[in-house]
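# Summary of the model geometry
Listed below, chain by chain, are the residues.
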Amino acid sequence: MINSIETRIRSYEVQGEPIKGLPNDADDLIVSAHRIQNDFVILDWHGRTITVSANDLERAIKNARNH
């Protein structure tokens, strides 16, 4: 069995509003490796998952930071 590879990213705002109080692991965005396709990653937030292209996600992040 292959162990899941995941990275947790702390959330700082939800719908534009700062998260108040102590950090809560439930508010983390989890980025995981896809079990079959290396070109895909799985994003999980509050138990809802979406599979996206890793390259597209990297380009989107670069684009969002380039303002």
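Data block above holds the structure.
The structure reproduced in this document is the subject of the present report. (Residues numbered from 1 in each chain as written. Predicted model: local features only at pLDDT ≥ 70, side-chain atom pairs only at ≥ 80, totals over all residues. Heavy atoms only, no water.)

## Focus: the sheet that holds strand S4 (residues 29-33)
One open sheet holds the 4 strands; their spatial order is S1-S4-S5-S6, and the pairing between them is antiparallel. Each of the sheet's edge strands pairs with one partner strand only, and the pair in question is strand S1 (6-9) and strand S6 (48-53). On average, adjacent strands in this sheet sit at an angle of 25° to one another, irrespective of strand direction. Where strand S5 (residues 40-45) lies against S6, 6 bridges are found, and the strand directions are antiparallel. Considered in S6, the bridge of Leu43 is made with Ile50. (Pairing = 2+ DSSP bridges. Helix = DSSP H or I, 4+ residues; strand = E, 2+ residues; numbered from the N terminus. Axes fitted to C-alpha atoms, helices over the stretch in contact; angles between N-to-C directions.)

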